Amino acid sequence: MTKITFRDALASGHRALGQPVSGAAALRHRTLVQLAFGALALGVPLALWPAAATAGELHPSFPLLDESGVSVLESANAVSPARTCGTCHDTNYIASQDSHATSGAALDCFLCHLAGADDDARKDAIASGNQRWAATATLSSTGIVRAEDGTYAYSPEAFDAQGNVRRSFLSVQDPTSDACGSCHGTVELDLETPFLWPEVDPVTAPKWSSLQTGQVFSPQPMNESGLNLREKGRLTRTWDVHAERRLDCVDCHYSTNNPIYRRVSSVRPDHLRFDARRIELGEYLRRPSHILAHGVEVEAGDTEGTMRDCGTCHDSSVGHDWLPYAERHFTHLSCAACHVPDMHAPALAAVDATVARADGAPRIHLRGVEGPAADQWGYDLSTSIASTYVSGYQPTLLPRVEADGTTRLAPHNLVTTYRWIDTNGAEVPGTTVAAALYDGAGRPKPSILALFDADGNGTWSDTELRISTDAQKSGVANALAATGVAGPKLDALTVPYSITHGVTTGRWALRDCKQCHEENSRIDRAVVLATSGLPGIDPTFGGDARTSLAGTIRNDADGQVRFSPEPRPETYVLGKHANVVVNRIGLLSVLGVILGIGVHALARVIKTRMSSTNGTAAHGHESHGGLAGSAGGAAKSVYMYSAYERFWHWLQAAAIFFLLVTGLEIHFPGTFRILGFELAVRSHNIIAFVVVLNAALAAFFHFASGEIRQFLPEPQGFFRGAILQIRYYLFGIFRGEPHPFEKNPNQKMNALQQVTYLAILNLLLPLQIGTGLLIWGAQRWSTVDSVFGGLGVLGPIHALGAWLFAAFLVVHMYLTTTGPTPTAYVKAMVTGWEEEPATHLATEN
Amino acid sequence: MNARKHSWIGILFLVGAAIALPLLFMTPGEKPKADNPWEKIPPHRPQTNHAALLPGPFEDGPAVTRACLECHEDAAFEVMATAHWTWEGEPVRVDGHPGTYKLGKKNLINNFCISVQSNWPGCTSCHAGYGWKDENFDFSNTELVDCLVCHDHSGTYAKSKGGLPAEGVDLAAAAQSVGGPTRETCGGCHFKGGGGDAVKHGDLDTSLMNPPERVDVHMGKVGLVCVDCHWTEKHEMKGRSISVSVDDRNQVSCSDCHLPKPHEDERINLHADAVACQTCHIPEVALRERTKVHWDWSKAGEDRENADPHEYLKIKGEFIMQANLEPEYTWFDGTASRYLMGDKIAESGPTVLNQPHGDIGDPSSKIWPFKVHRGKQVYDEVYKTLLVPQTVGEGGYWDKFDWDQALRMGSSKTGLAYSGDYGFIETEMFWPLTHMVAPKESALQCTQCHSEDGILDWKALGYEGDPIDWGGRKVRQSAAAVEGR
């Protein structure tokens, strides 16, 4: 009978059954995988590896060495990571390529590889000029060293008899996301603590990638964060799906010679899918490349674009079934364009470094927040964001050349910096600007104060300290020159920062077509660069050459500086782009036709009224062509249209009407909301094939039956017939003259009809079918499309054709009312039987 | 001629078809059928007003039952076939025992109040009948069926010792109010199992009478009542628990209403083969009321001054009540072993009264959340069996605080051998959690399990390590699959 486990289990709170509680499991599973992989490669059976090993246990204990390779216990000198770790690892090799160590600072392995590295203590040591002890200071929170009067003393209890650090004091690991986040961006892996914006130094401002774009790497659902987010209750998505799915930074940004992640060599023979030859694990551990895989945002020579892109892990052909023209979307859009639809955190919009707070912090303007925090001094957002409303922002889609060389629209944030530059073009740092504005005690210099103190109250307010006049400009410039800045000049620079984190799953990705396929859409919506620019200073574009910043910058009347991206000419987005000239011509032709018909119809109505009031209506041709109803005399019916003729006619009528309506919605999705953009496109494509098929069958029918002759104008008498017909519509119809053309089953069409249908069937219809097919097939035959100029040409032509079709339909429908009675022709096309006025029959007989 | 005249109707039809049919058949089909649980909820029958039918007055419970049976002739016979009446189930096989057993509250031992036997009057206030106060209760008497305990809508009906209506209950008012079972009628017993609110289950307590969404999404958000899931036919209700049932016939399951893999996210659906819905969707229970996780009988009988009755009672011993209980997880195939009266206790470690069956290699097993109730209860040091004390009634433990006497009295009723030497041993009882389903936003997140300090102990569950890194389980091929080859 054991009484211990029962109590222990109760006390431990451990939640899995039947297992005694183990110690803090600090094992990096990945490390173990890597080691196990290596073990296999080395021929060591996996079973030999201790199942319960932790990273700390795997890494052998080691002595801390100083610069001369002597144990610090003996020398009491500062630890040299290069010597300490260099006992086993090739720290010369590592230092030679580690971009983290090339900034002049000594190599500090502990900072990234130690659980509980003390970055603050390290920074304090550097700040107090104690560079040599910086790495030692990193160990501050481990209990190995104690700070003592500006230097550090080692705790003997942290070392064993051989002088090695005891494992309980030091746990070596591969870098965690938290470690990366301490410099690069905002990382919050804890689910229990509501996420708040982390505190940073207001001037030096680490965590730049969060500041530049609002990217947050956290598995926490947004609605459980501590931020005051817009529509927070709805935001059950996580900050980043990769964090949610338990990926770490180093899963994508891996060591580039890690044999597990090694990319397939570019010199691989075509027949080889996998090249098993790679460095042994031991070799890798000795010389691990510290060039971490990265995208194209860092200019780093041959490792540029080493990082896996979305496609190396994800298969975009799965899960996008719902997306019409998926391939076309993939060709033109980066994954992030849809999968990073909105940023729900603040990001820099503008930095005004032309003035500074006494500590050198610039004035900043934030995107995605409302209230006082949108304008503040310095980069520390932790307090201001905690008490403000975070409305979030939509990234700006800009064409970006990706690692594979293709150009796609990718989400960016634009940050505009107003600053002083010297004659070399180098930005004047904030501390220098502060030195020009303030005296040693942080008080405004009187000469400068006089320039900005508009209300003369002896100090400047936040709103007053802003360069807006030439006097202020030259005043500050002179002050800067006095501090030693050569030729200070105002300058503005707009840099696009691409957004690659903050990714979300399909459920939260952009799915609404009209986010892009609408007149004013994400494709070219203007973005505010700065709420107040500097007079006369227009931003120039900076950043890497991969992102194209084609577009226009304008200084609006409200004082805001806005940028409107201009999509590349080859980008033609249905529903968004339209040729204005074509639409004007089209609309005018339809309106003109309607106007003409209106006048014509009105004249007919007036004429008919007059006739009937004159009492002369009741015989002969009087009513013919008028609007007065049934004709006089005994009417006789003629079977004019066979069932099939009526079928193909009405099918074509319904289908073309459907195409016009859906086409209108596709062309102006913001104005016409009928089926919804997606359904409109799909059904337009389907019914278009009905039209084509119906036209083909009808053509076959007409050729086979010989009815085609109905459409063919006869050479003799054609012009006379046409002139008679025109004359009739212009004059005769009002005078009650008989219809000049005598319609009968053998000759149903007058000369005007024949020539119109010839034009429509031989020109307009083929044009619409051709352009329509090419637009429909844009994804399948993109090369064929480009021969014709791509969608940018095909779209407007198709639209023009549609306008002309609409104009034709209006005329066509109106002319059906010119029969013996206004409805006679329609009735004939419905029933097949056309009523002929008695007089006509008489002449016919 | 006539046919020609009306040919336009045919043409209209054909034109319509030529437009509509391509649209219908060419537009991409609907997404695979979305989860639509509402379709499965049985319709609620309209309530019949019984006020005129049952004018009363009724002198006692059986009088009400007689009135009910005048119209609902088969109702009593139906009830008498169910476990609500018999307190025992269909014959089943039990691990380590020959033959079959009809298991139920009637004859099993737990680690709360231990056993119904010898303690009938105290326990049977939750029996759907009248007057079960000893072993001689007549289970064939239809008049003794208590209709009101499940059908009362007046909210005034209550039962007392032996299952008789409590004093002062207006039987006529209760009878006239009758309708289908409500949260209150079911909860009257099931929310208060173990002798008080929330004590026994952890996922069933009186907060479910009218819960907010975050306590129970089914009852709080969409307003379900118990019988919407516990479908009932002829008074036989779906739903079992391994506290008394070792098989899983007639079980309620999420997939009764939901698709087996209803998530949009394929990654989450992939979990469904190895993880029960409940595991993620019930991250914790006892959200409003504390539930009992530990009951130590060995401390009973002491006169402790000012003891918190939630921590100590002289008649029962020491307790630990836990709020926001985080479940424990193990493999579970829906069935369990069962400690039967007279079984030997475990040779080492706690004696598990109902060990869930299942293991990582079993394709039908999934990781399930459990409340584990740990107890310390009385056993026979010589015969190595759990003992049943008589607690209620004259001379019982709660009367005299004399274990020896209570055990002798208990043994005389149960027939368990008692040597006279008793002690206390640890026991564990598993309560699968399936109520208090959280809104989907509150379901477990990936990293709550898949991280270094995640809530699942992968090794204990039989994995080599976190399956994200080490891969999923390898299941044994089922016999059927092998035969099918």
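Thresholds, definitions, all that
- Residues numbered from 1 in each chain as written.
- Chains lettered and ligands numbered in written order.
- Predicted model: local features only at pLDDT ≥ 70, side-chain atom pairs only at ≥ 80, totals over all residues.
- Heavy atoms only, no water.
- Helix = DSSP H or I, 4+ residues; strand = E, 2+ residues; numbered from the N terminus.
- Buried < 20%, exposed > 50% of the residue type's maximum accessible area, 1.4 Å probe, protein only.
- Contact = heavy atoms within 4.5 Å.
- Areas by Shrake-Rupley, 256 points an atom, 1.4 Å probe, with all protein chains shown as cover.
- Arc of directions from axis to C-beta.
- 1 Å grid on protein atoms, 1.4 Å probe; cavity = no way out; pocket = protein on both sides within 12 Å on 5 of 7 lines; lining within 4 Å.
- Points joined across faces, edges and corners; volume = space filled by probe spheres on them.
- Nonpolar A, V, L, I, M, F, W, Y, C, P; charged D, E, K, R; others polar.
- Core = buried A, V, L, I, M, F, W, Y, C linked by side-chain atoms within 4.5 Å.
- UniProt positions renumbered as here; feature names shortened; annotations may be inferred.
- Phe/Tyr/Trp six-rings, centres within 6.5 Å; stacked < 30°, edge-to-face > 60°.
- Lys NZ or Arg CZ within 6 Å of the ring centre and 35° of its normal.
- Pairing = 2+ DSSP bridges.
- Axes fitted to C-alpha atoms, helices over the stretch in contact; angles between N-to-C directions.
- Patch = residues over 30% accessible without salt bridge, like charges linked within 9 Å, V, L, I, M, F, W, Y side chains within 5 Å.
- Salt bridge = Lys/Arg side-chain N within 4 Å of Asp/Glu carboxyl O.
- Lys, Arg positive; Asp, Glu negative; His and termini not counted.
- Charge placed at Lys NZ, Arg CZ, Asp CG, Glu CD.
- Parallel < 35°, antiparallel > 145°, perpendicular 65-115°, else oblique.
- Left-handed = near helix turned anticlockwise from the far one by under 90°.
- pLDDT = per-residue confidence, 0-100.

*Asks:* Where do I start with the overall build of chain A in this structure?
*Replies:* In terms of regular secondary structure, chain A is built from 30 helices and 19 strands. Within the span of chain A, comprising 845 residues, buried residues form 46% of the whole. Across chain A, the fraction of contacts at a sequence separation of at least 24, relative to all contacts at a separation of at least 6, is 66%. Only carbon and sulfur atoms are counted for the fraction: they give 60% of the accessible area of chain A, which is about 40500 Å².

*Asks:* What is the right way to look at helix 29 (residues 824–831) of chain A in this model?
*Replies:* An α-helical turn contains 3.6 residues, so a residue and the one three or four places further along point in the same direction. Residues and elements named next belong to chain A. Taken residue by residue, helix 29 has Ala824, Tyr825, Ala828 and Met829 as its buried positions. Buried residues along helix 29 cover an arc of 135° about the axis, so they all sit on one side. The first or second residue beyond helix 29 is Gly832, which carries a positive phi of 95°.

*Asks:* Honestly, empty space enclosed by the protein in this entry has me stumped. Any pointers?
*Replies:* All names here are of chain A. For the coordinates displayed, the defined rule picks out eight cavities of 30 Å³ or more. In this structure, the largest cavity spans a volume of roughly 130 Å³. The set of elements that each furnish at least two residues to the lining of the largest cavity consists of strand 6 (347–352) and strand 7 (363–367). Looking at the lining of the largest cavity, its residues break down into seven nonpolar, four polar and four charged.

*Asks:* Looking at this structure, I do not really get the nonpolar core. What am I missing?
*Replies:* Within soluble globular proteins, side chains that are nonpolar generally end up buried alongside one another. In terms of nonpolar packing, the biggest core is built from 35 residues, with Trp420, Leu437, Phe452, Trp460, Ile467 and Leu480 of chain A touching the most fellow members. Of all the elements in the fold, those that place two or more residues in this core are strand 12 (407–421), helix 19 (430–437), helix 20 (446–452), helix 21 (470–482), strand 13 (489–498), strand 14 (527–530) and strand 17 (561–565) of chain A. When near neighbours in sequence (up to four residues on either side) are disregarded, Leu480 of chain A contacts Trp420, Val428, Thr432, Val433, Ala436, Val485 and Pro488 of chain A. Core analysis: the second largest hydrophobic core is formed by 32 residues, Leu54, Ala63, Ala67 and Val178 of chain B among them.

*Asks:* What's the story with the UniProt feature "transmembrane region" (unreviewed entry) in chain B in this structure? I'm lost.
*Replies:* Under the UniProt annotation, "transmembrane region" (unreviewed entry) lies at residues 7–26 of chain B. Helix makes up 100% of residues 7–26 of chain B and strand makes up 0%, while its end C-alpha atoms are separated by 28 Å.

*Asks:* Teacher, can you tell me more about the packing of aromatic side chains here?
*Replies:* Working definition: an aromatic ring pair is given by the centre-to-centre distance plus the angle between the planes. Under the counting rule described, the total for this entry stands at 35 aromatic pairs over all chains. Aromatic pair Tyr422 of chain B and Phe424 of chain B: ring centres 6.1 Å apart, planes at 90°, arrangement edge-to-face. In this structure Tyr422 of chain B comes out as partly exposed when scored by relative accessible area, which is 30%. Here a set of aromatic residues connected by ring pairs shows up, and it is made of Phe112, Trp295, Trp297, Phe319, Tyr397, Phe401, Trp403, Tyr422, Phe424 and Trp431 of chain B. Positioned over the ring face of Tyr393 of chain A is Arg367 of chain A, at 6.0 Å from the centre of the ring. Its guanidinium or amino end placed over the ring of Phe401 of chain B, Lys314 of chain B lies 4.1 Å from that ring's centre, counting from NZ or CZ.

*Asks:* So what exactly am I meant to see when it comes to the sheet that holds strand 16 (residues 551–555) of chain A here?
*Replies:* Whenever strands of a sheet pair, they do so through backbone hydrogen bonds, lying parallel or antiparallel. All names here are of chain A. The strand order across the open sheet formed by three strands is 14-17-16, and the pairing between neighbours is antiparallel. Each edge of the open sheet carries a strand with a single partner, namely strand 14 and strand 16. Recorded for the sheet is a direction-independent mean angle of 30° between the axes of neighbouring strands. Two elements, strand 14 and strand 17, share three bridges in a ladder whose sense is antiparallel. Among the inter-strand pairings, Val527 is bridged to a residue of strand 17, identified as Phe563.

*Asks:* Is there a simple way to think about the side chain of Arg408 of chain A in this case?
*Replies:* All names here are of chain A. Note that Arg408 resides in strand 12. On the basis of relative accessibility, which here comes to 16%, the residue Arg408 falls in the buried class. In contact with Arg408, other than residues within four places in its own chain, are Phe330, Thr331, His332, Leu333, Ser334, Leu398, Pro399, Arg400 and Glu402.

*Asks:* Could you clarify how one ought to interpret the pairing of strand 12 of chain A in this entry?
*Replies:* The side chains of a regular strand alternate between the sheet's two faces. Residue and element names in this part refer to chain A. Along strand 12, 14 of the 15 residues are buried, which leaves the element largely enclosed by surrounding structure. Between strand 11 (residues 396–401) and the antiparallel strand that follows it, strand 12, lie five residues; Gly405 among them carries a positive phi value of about 90°. As defined by bridge partners, strand 12 adjoins strand 13 across ten bridges and the pair is classed as antiparallel. Looking across to strand 13, one finds that His412 is bridged to Ser498.

*Asks:* What is the right way to look at the UniProt feature "transmembrane region" (unreviewed entry) in chain A in this model?
*Replies:* Here the UniProt feature "transmembrane region" (unreviewed entry) sits at residues 585–603, 647–666, 686–705, 755–776 and 788–815 of chain A. With 100% helix and 0% strand, residues 686–705 of chain A has end C-alpha atoms that lie 29 Å from one another.

*Asks:* Explain a negative patch on the surface to me, please; I cannot follow it from the model alone.
*Replies:* A contiguous patch of negative charge, built from Asp190, Glu192 and Glu224 of chain A together with Asp453 of chain B, is present on the exposed surface. Residue position: Asp190 of chain A is located in the loop between strand 3 (186–187) and helix 11 (208–213). The partly exposed category is assigned to Asp190 of chain A, whose relative accessible area is 31%.

*Asks:* Can you help me understand the packing of helix 23 (residues 643–667) of chain A against helix 28 (residues 791–815) of chain A in this one?
*Replies:* To describe two helices that pack against each other, one gives the angle between their axes and the distance between the axes. Residue and element names in this part refer to chain A. Where helix 23 meets helix 28, the closest approach of the two axes is 11 Å, and the angle between their N-to-C directions is 135°. One way to sum up the angle between helix 23 and helix 28 is to call them oblique. Relative to helix 28, the crossing made by helix 23 is left-handed. Contacts between helix 23 and helix 28 involve His649, Ile656, Leu660 and His667 from the former and Ala799, Ala802, Phe805, Ala806, Leu809 and His812 from the latter. Tallied by class, residues from the contact of helix 23 with helix 28 come to seven nonpolar, three polar and no charged.

*Asks:* Where do I start with the confidence of the model for chain A in this structure?
*Replies:* Low-confidence regions, as indicated by low pLDDT, have predicted coordinates that should not be scrutinised in detail. Residues at a pLDDT of 70 or more form 87% of chain A, whose mean pLDDT is 83. Contacts from residues 1–54 of chain A, a stretch scored under 50 in pLDDT, to residues over four places away or in other chains number 89 contacts.

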